[in-house]
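# A closer look at the structure
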Amino acid sequence: MKTGIENKIAVVTGGSHGIGRAIAIALAKEGAHVIINYHRDDKGAQNAIDEITAQGRRSKAIKADVSNYSAVTNMMKDIKNEFGSIDILVNNAGITRDNLLMRMKVEEWQEVINTNLSGVFNCSKAVVIGMMRQKSGKIVNISSISGVTGVPGQINYSSSKGGIISFTKALAKELAPLGINVNAVAPGFIETKMIDGIPVQNKKMALDLIPFKRFGKPEEVASLVVFLVSEASSYITGQVINIDGGLVT
Ligand code: NDP
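Cut-offs applied
Residues numbered from 1 in each chain as written. Predicted model: local features only at pLDDT ≥ 70, side-chain atom pairs only at ≥ 80, totals over all residues. Heavy atoms only, no water. Axes fitted to C-alpha atoms, helices over the stretch in contact; angles between N-to-C directions. Helix = DSSP H or I, 4+ residues; strand = E, 2+ residues; numbered from the N terminus. Parallel < 35°, antiparallel > 145°, perpendicular 65-115°, else oblique. Left-handed = near helix turned anticlockwise from the far one by under 90°. Contact = heavy atoms within 4.5 Å. Nonpolar A, V, L, I, M, F, W, Y, C, P; charged D, E, K, R; others polar. Buried < 20%, exposed > 50% of the residue type's maximum accessible area, 1.4 Å probe, protein only. Pairing = 2+ DSSP bridges. Right-handed = clockwise from strand over helix to strand, strands pointing away.

### A closer look at the packing of helix H1 (residues 18-29) against helix H9 (residues 218-228)
The contact between H1 and H9 brings their axes to 8 Å, and the two run at 50 degrees. Comparing the axis directions of H1 and H9 gives the class oblique. As for the relative orientation of H1 and H9, their crossing is right-handed in sense. For the pair H1 and H9, the contacting residues are Gly18, Ile19, Ala22, Ile23, Ala26 and Leu27 in the first and Pro218, Glu219, Val221, Ala222, Val225 and Val226 in the second. For the contact of H1 with H9, the residue count by class is ten nonpolar, one polar and one charged.

### Some thoughts on unusual backbone geometry
Residues other than glycine seldom take positive phi values, yet Asn7 does so here, at roughly 65 degrees. Mapped onto the elements of the fold, Asn7 is located in the segment before strand S1 (9-12). The exposure class of Asn7 is exposed, given its relative accessible area of 52%.

### Things to note about the pairing of strand S2 (residues 33-38)
With respect to burial, S2 is a largely interior element, six of its six residues being buried. Both faces of S2 are covered, namely the face carrying His33, Ile35 and Asn37 and the face carrying Val34, Ile36 and Tyr38. Pairing of S1 with S2 involves four bridges; the strand directions are parallel. Bridging from a neighbouring strand, Ala10 pairs with Val34 of S2. Handedness of the crossover joining S1 and S2 through H1: right-handed. Direction of pairing for S2 relative to strand S3 (residues 59-63): parallel, over a ladder of five bridges. Bridging from a neighbouring strand, Tyr38 pairs with Lys63 of S3. Read from S2 through helix H2 (residues 42-53) to S3, the crossover connection turns out right-handed.

Here it is as structure tokens:
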């Protein structure tokens, strides 16, 4: 597959570990220069950029909370000043704060919506004008099957990820006339820190429901993202692609 992303400038939020790290490294392997954003894990971020620069690409890690509008604006400004443009944005940063609605604290609701959904707004808003000027660009938003189906105990998370799906469809329509693709991927259970906290019994139940009888790997999500930012997917926009071992059909 010809990706056409060599020497493109890519920004991946939440790139210090897990799916974001795998995406950042996969993009670098295809020749992109990759800036990763992260929130707390300095060591993980350093490790990710070491791996990217080892491939001969330029890289940088920027610590910024995606839910903070001015922090994101400053981060994107700094990237444009140093790297010249932003061609690819992967909105990957995300958190869970699971609880049944009856027990959910307002802070748990707000933190998840602010990080997962407002974070996507903040980062996308900060890059679209540059993409509109250059009449090209690729945005991929990491949603979740939780946002496709709704999951009990995840009212905040499902709402944020469902919001990302609607955001993706609306923004795709706004930006298609300018040659910019906007798509979302909706992973199922992927082996990262995020699912470490799920009780063993619940993991067993989930595995029973997954036709492939295994959880996904971050690298498998990364391959899909590479496709969505490549020339091979030039006529795809406004789509949500599930990557879940067949769980949701
Ligand atoms: P991880 O918890 O492993 O990684 C999350 C990443 O997001 C980290 O790099 C973290 O940075 C970053 N992050 C969290 N909050 C912020 C913030 N406020 N500002 C900037 N960065 C932040 O999660 P995954 O890799 O599993 O998840 C990645 C994405 O995929 C998320 O959006 C998640 O919702 C989604 N997803 C994951 C699934 C799974 O099964 N794992 C399933 C479906 C969707 P740091 O650690 O430095 O603080």
